Amino acid sequence: MGLDARTFASCNNIPQYRKRNISMNAYSLSCEISSENGDSLPVLCSPDYYTEPLLNDLGKREVIDPGYSSRVPDFTVGRLGYGYVKFLGNTDVRWLDLDQIVKFGRHEIVVYEDESSKPEVGQGLNKAAEVTLFLQGRYLSLKLKEGDSDDFVKKMKERTERQGARFVSFDPVSGEWKFLVVHFSRFGLSDDEEDDIMMDDATPVQNSLEMNGGEVSDVDEETQMDLSGPELSHSLPAHLGLDPIKMKEMRMVMFQEEEEIDDFSGTPSRQQWSLGKEYIRPPLQNTAQRMSQRSSSPLARKTPVGLLEYHPGNSDSDSPGMILMAQQNKGMPLKKLKSDGFKLDLKHETPVTGSHSHNIVDAGLFMGRAFRVGWGPNGILVHSGAPVGSNSRGVISSVINVEKVAIDKVVRDENDKVRKELVDFSFDAPLNLHKELNHETEEVEVGSYKLKLQKVVSNSLMLSEICRSYIDIIEAQLDVPGVSSSTRLVLMHQVMVWELIKVLFSERENGGQLRSEGDDNEEEMMQDIKDGPPEFDLEALPLIRRAEFSCWLKESVCHRVQEDVSSLDESNYLKHIFLLLTGRQLDSSVELAASRGDVRLACLLSQAGGSTVSRSDIAHQLDLWRVNGLDFKFIEKDRIRLYELLAGHIHSSLNDVTIDWKRFLGLLMWYQLPPETSLAIVFQTYQHLLDDGKAPLPVPIYVDEGPIDEPIDWSGNERNDLSYYLMLLHASGESKFGSLKTMFNALSSTYDPLDYHMIWHQREVLAAVGVISSNDLQILDMGLVSQLLCQGKCHWAIYVVLHMPRCDDYPYLQATLIREILFQYCESWSSEESQRKFIEALGVPSEWLHEAMAVYYNYYGELSKALEHFLECANWQKAHSIFVTSVAHTLFLSANHSDVWTLATSMESHKSEIENWDLGAGMYIVFYLIRSSLQEENNTMSDLVRIKKTQHCEI
């Protein structure tokens, strides 16, 4: 979806609620957002009230993240000049009529004035909150002058605690009074309490000022704010305790021309609304009426019930007292700009036109820091570039794109639909195979808990069987109908990678001596190995590995040879033969030469890649022709090319021919280097040629072959194929390989930079057999964890986390990740019994699971279940709090006394850890004990009466 960047900026460029005026434009825009997103958004129509976040911002967030209104963090409601309340944690604000629920008066706040409509504690806005009230009065500055601020703060603290709230701070200079509450009724200072504070600390100076009138008015502060006119209702003088009326008079004297244009009629003018100013009633209008109402009907104070315990996480917040007027844009009205934005075609290269994934353009180039380009929850990408997957790569745009980027492309078919079979073959089947391998565990302590880290252990003798098992899974995935061509290409490459791992790093048992020695033909050697159990000496092992690698290389390039051959003219048999030689297809090339009557060439081809003597003879013959001045124009160019190749001059034979890097590596190994050259020397020789620019780059399979569904911007030596890194790893012979991070980058094997599902297994297998050793590949683990969580497979994600190597710099990394997964995805894993049992079988402490479920149920208001899980995870303080405030009274009134007794006694053994035990569950236990004793006495008395009656009857 697209939003105009400038319009978005103009809406969000309003300073924070502590710094701004509330304009009618903002209010109208919020109403529009509310109507567009349905009736679920809260309603606030009072012009001097505000919310944080703004209602229009809340509507936009609801569009981007459905359900956001049910979990708004630190939701704030305030009234300019009076104060604000911040509801701690996540708050459900859907369908709330804020005008009726939250009301600020002079030095007080009332939430749910109508007791009949007040929800239970913890529901709606009847929850824990931080309240900030702005006290307005002449005594503030006078107290500061006399140095009695400490006594004044002490009195305010006493007044706060008397109401059952927790005092946080009071600033005598600004009048900012901050305190914490756990539920609401009415909090603040009544007129009598305010007078008591004034009388206790009154001085002759104050009394004379009050008696003589002077500049101090008897009108209350709320009336003074109304009298101050539209611009002084929340001005800096009023906020600092100065007299707004006198400041207004001074302004009228000094700036008479500005005052003449002000409209003081009973209704706001169009000019006033357009300037975005808050309209207040004209001076002295209805003042007497309001004062009489205030004096005749005083508000009855309801004393709030004290709470048993409350432990806020972090009550520190910035004081809004001294910055109320900062950055107010009085003279600049908000303008609704055109929503289409702009688009700029680029004819020249700019720093942002060439990007790694060509789907993000830096918004800072045209809007400064107005927008942040980045990731949101659940794969949401917000950016101002071209939409992901589009071909419009030469455009800079101001249109904001909000898209959900799929990190599950590996499980989607050619129609972009998620297939269950692909999910099973991509994640479940490989991980089940990984789980069946031998493991060793390491028990680590995490506080009072223990966690079992796991590691796969194996050896090179079993590597061949392990690789074969992974290949079977991938081949089954290839049989799934509807797999896209790009995915099929990557899957076939993964098969070849597993085959290469088996060839380069597996070992075989030595069953005896090699039966036939001196065999130069690698294919015959491989046939002997396949026919029966291998019997060889250690000296022959490099030759056997070379023969296996030769077969792997032939199989890897076979399809490329066939593609090139199919495009040739049948009459050009010499070029046909050359292409067959690039794939080591000697039999086919000899047959083709013989069928065309070129018997001598067929004889030479039959010896290709064999003894170095025949290569030397051919090379010597070519040199004699050149020395004797033979005119090569009379010999076919393709025939000379074949002679050069048979002589071992591969660069001369490839003079005007381009081939891929694997076939070049094959030509180097088969025709240039001696047949007994080890693979390490072959790979190192190719590396030297590559460094000198004499060899083709080992580009990834999706760049080298294609076709792919998305265009790839390939330039330079940015990515290399995973097969190439495996060859270098074999040549180094060391487990501390310097290019492991580059080797196990997702882009080395697939065009999807977010797909780690197979290279994670390859890393695990290579580490299990001791080929590599590294503790800094966490990005590989986290990549797979993200993919698994995207599919809702939380149990496998935790399984992967437990296999992350232990790092001394981050000893609690695994524990932290597991707890985050349990908390963030509680609904997913707790709803499937199989996942929960799997997680418990992994050795994850059950207390962690119960804690996550307790927080989950507590958030959704299922307090009985939350209490049960808090008890299971031994969070006695929180369990006691829920029991006393939300559960016990319901059970008691329902006559479920056995349940109350069971819950209370289950916490009794830990009462030393529970604050205010005697005022909570302990009180219930005492009650039931007393009731039980009274029942026993009544039963005894009844028995005595019955005995006496019996005796009397007998007499």
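Below is a short write-up of the structure. (Residues numbered from 1 in each chain as written. Predicted model: local features only at pLDDT ≥ 70, side-chain atom pairs only at ≥ 80, totals over all residues. Heavy atoms only, no water.)

## Description of the overall build of the protein chain
Moving on, step 1. When helices and strands are counted, the protein chain shows 42 helices and 17 strands.
Moving on, step 2. For the protein chain, the proportion of its 955 residues judged to be buried stands at 47%.
Moving on, step 3. The contacts of the protein chain with a sequence gap of at least 6 include a subset with a gap of at least 24, amounting to 65%.
Moving on, step 4. Counting every atom, the protein chain has about 47900 Å² of accessible surface; 51% of that belongs to carbon and sulfur. (Helix = DSSP H or I, 4+ residues; strand = E, 2+ residues; numbered from the N terminus. Buried < 20%, exposed > 50% of the residue type's maximum accessible area, 1.4 Å probe, protein only. Contact = heavy atoms within 4.5 Å. Areas by Shrake-Rupley, 256 points an atom, 1.4 Å probe, with all protein chains shown as cover.)

## As for helix H22 (residues 586–595)
Moving on, step 1. Of the residues making up H22, those classed as buried are Leu 586, Ser 589, Leu 592 and Ala 593. With its buried residues spanning 130° around the axis, H22 presents them on a single face. In H22, the exposed residues that point more than 90 degrees away from the buried face are Asp 587, Glu 591 and Ser 595.
Moving on, step 2. Contacts from the buried residues of H22 go to helix H21 (573–582), helix H23 (599–606) and helix H27 (661–672).
Moving on, step 3. Positive phi shows up at Gly 597, right after H22, with a value of about 80°. (Arc of directions from axis to C-beta.)

## Topic: the pattern of salt bridges
Moving on, step 1. Under the counting rule described, the total for this entry stands at 36 salt bridges.
Moving on, step 2. Within the structure, one salt-bridge network assembled from shared partners comprises Arg 468, Asp 472, Glu 475, Glu 499 and Lys 502. (Salt bridge = Lys/Arg side-chain N within 4 Å of Asp/Glu carboxyl O.)

## Some thoughts on the nonpolar core
Nonpolar side chains tend toward joint burial in soluble globular proteins.
Moving on, step 1. Formed by 159 residues in total, the largest nonpolar core has its most connected members in Phe 549, Met 743, Leu 822 and Phe 883.
Moving on, step 2. The element contributing the most residues to this core is helix H18 (residues 485–505), with 10 residues.
Moving on, step 3. When residues of this core are assigned to domains, at least three map to each of domain 2 (557–677) and domain 3 (845–950).
Moving on, step 4. Discounting chain neighbours no more than four positions away, the residues touching Phe 549 are Leu 500, Val 503, Leu 504, Leu 665, Met 669, Leu 679, Phe 683 and Met 727.
Moving on, step 5. Counting residues in hydrophobic clusters, the runner-up holds 37 residues, among them Val 72, Phe 87, Val 111 and Ala 129. (Core = buried A, V, L, I, M, F, W, Y, C linked by side-chain atoms within 4.5 Å. Domains from an automatic or database assignment.)

## Here we look at the packing of helix H20 (residues 541–566) against H21
Moving on, step 1. One can describe the packing of H20 onto H21 by two numbers: an axis separation of 9 Å at closest approach and a directional angle of 170°. As judged from the angle between their axes, H20 and H21 are roughly antiparallel. For the pair formed by H20 and H21, the contact residues are Val 557, Val 561, Asp 564 and Val 565 on the first element and His 576, Leu 579, Leu 580 and Thr 582 on the second.
Moving on, step 2. Its residues placed into classes, the contact of H20 with H21 shows 5 nonpolar, 2 polar and 1 charged. (Axes fitted to C-alpha atoms, helices over the stretch in contact; angles between N-to-C directions. Parallel < 35°, antiparallel > 145°, perpendicular 65-115°, else oblique. Nonpolar A, V, L, I, M, F, W, Y, C, P; charged D, E, K, R; others polar.)

## Some points on the sheet that holds strand E3 (residues 72–79)
Moving on, step 1. One open sheet accounts for 6 strands, arranged E2-E3-E4-E7-E9-E8; its pairing is antiparallel. Each edge of the sheet is formed by a strand with only one pairing partner; in this case those strands are strand E2 (49–52) and strand E8 (166–171). Taking the axes of each pair of neighbouring strands and ignoring which way they run, one obtains an average angle of 15° across the sheet.
Moving on, step 2. Here E2 pairs with E3 via 4 bridges, running antiparallel. Across the sheet, residue Tyr 49 finds its bridge partner in E3, namely Arg 79.
Moving on, step 3. Lying over the sheet, helix H6 (residues 149–162) contacts E8 and strand E9 (176–181), oriented at roughly 150° with respect to E8. (Pairing = 2+ DSSP bridges.)

## Here's the deal with the sheet that holds strand E5 (residues 102–105)
Sheet strands line up and pair through hydrogen bonds in the backbone, either parallel or antiparallel.
Moving on, step 1. What the 3 strands build is an open sheet, ordered E5-E6-E10; its pairing is antiparallel. Each of the sheet's edge strands pairs with one partner strand only, and the pair in question is E5 and strand E10 (186–188). For this sheet, the mean angle separating the axes of adjacent strands, direction not counted, is 15°.
Moving on, step 2. Bridging between E5 and strand E6 (residues 108–111) involves 4 bridges; their strand directions are antiparallel. What sits directly across from Val 102, in E6, is Val 111.

## Observations concerning the packing of helix H38 (residues 846–859) against helix H39 (residues 863–872)
Moving on, step 1. Two elements in contact, H38 and H39, have axes separated by 8 Å at closest approach and are oriented at 160°. Taken together, the axes of H38 and H39 lie roughly antiparallel to each other. Judged by the sense of rotation from one axis to the other, the crossing of H38 with H39 is left-handed. When H38 is examined against H39, the residues Glu 847, His 850, Met 853, Ala 854, Val 855, Tyr 857 and Asn 858 are found in contact with a partner set consisting of Leu 863, Lys 865, Ala 866, His 869, Phe 870 and Glu 872.
Moving on, step 2. A breakdown of the residues in the contact of H38 with H39 according to their chemical character gives 7 nonpolar, 3 polar and 3 charged. (Left-handed = near helix turned anticlockwise from the far one by under 90°.)

## Description of the packing of aromatic side chains
Moving on, step 1. The tally for this structure, following the rule as stated, stands at 29 aromatic pairs.
Moving on, step 2. Measuring from ring centre to ring centre gives 6.2 Å for Trp 661 and Tyr 686, while their planes differ by 40°; the resulting arrangement is tilted. Taken together, the residues span a long stretch of sequence, with Trp 661 in helix H27 and Tyr 686 in helix H28 (residues 679–691) at a distance of 25 residues. Comparing Trp 661 with Tyr 686, the two get one shared label, buried.
Moving on, step 3. Each residue in the set Phe 883, Phe 892, Trp 901, Tyr 924, Phe 927 and Tyr 928 is aromatic and connected to the rest through ring pairs, giving one cluster.
Moving on, step 4. One residue, Arg 79, lies across the ring of Tyr 82, its end atom 3.9 Å from the ring centre.
Moving on, step 5. In this arrangement the basic side chain of Arg 641 is found over the ring face of Phe 578, its NZ or CZ atom lying 5.7 Å from the centre. (Phe/Tyr/Trp six-rings, centres within 6.5 Å; stacked < 30°, edge-to-face > 60°. Lys NZ or Arg CZ within 6 Å of the ring centre and 35° of its normal.)

## What about a nonpolar patch on the surface?
Moving on, step 1. Taken together, the side chains of Val 926, Ile 930 and Leu 934 make up a nonpolar region of the molecular surface, amounting to roughly 260 Å² of accessible area.
Moving on, step 2. Looking at where Leu 934 falls in the secondary structure, it is placed in helix H42 (residues 921–954).
Moving on, step 3. Take Leu 934: its relative accessible area is 43%, and that puts it in the partly exposed class. (Patch = residues over 30% accessible without salt bridge, like charges linked within 9 Å, V, L, I, M, F, W, Y side chains within 5 Å.)

## Comments concerning the pairing of strand E16 (residues 439–446)
Moving on, step 1. Direction of pairing for E16 relative to strand E17 (residues 449–456): antiparallel, over a ladder of 8 bridges. For Glu 442, the partnering residue across the bridge sits in E17 and is Leu 453.
Moving on, step 2. Where E16 hands over to E17, the hairpin turn is made up of 2 residues, of which Gly 447 adopts a positive phi near 65°.

## Here's the deal with the pairing of E8
Moving on, step 1. Where E8 meets E9, 5 bridges bridge the pair, whose relative direction is antiparallel. Along E9, the bridge assignment pairs Phe 170 with Trp 177.
Moving on, step 2. With antiparallel pairing between neighbouring strands as the criterion, E8 and E9 make up a hairpin whose turn holds 4 residues, including Gly 175 at a positive phi of roughly 80°.

## Side note on unusual backbone geometry
Moving on, step 1. For the bond from Glu 52 to Pro 53, the omega torsion is 10°, close enough to zero to count as cis.
Moving on, step 2. Structurally, the position occupied by Pro 53 is in the loop between E2 and helix H3 (55–64).
Moving on, step 3. Located in the positive-phi region is Arg 584, a residue other than glycine, with phi close to 60°.
Moving on, step 4. As for its placement among the helices and strands, Arg 584 is situated in the loop between H21 and H22.
Moving on, step 5. By relative accessible area, which is 8% here, Arg 584 ends up buried.

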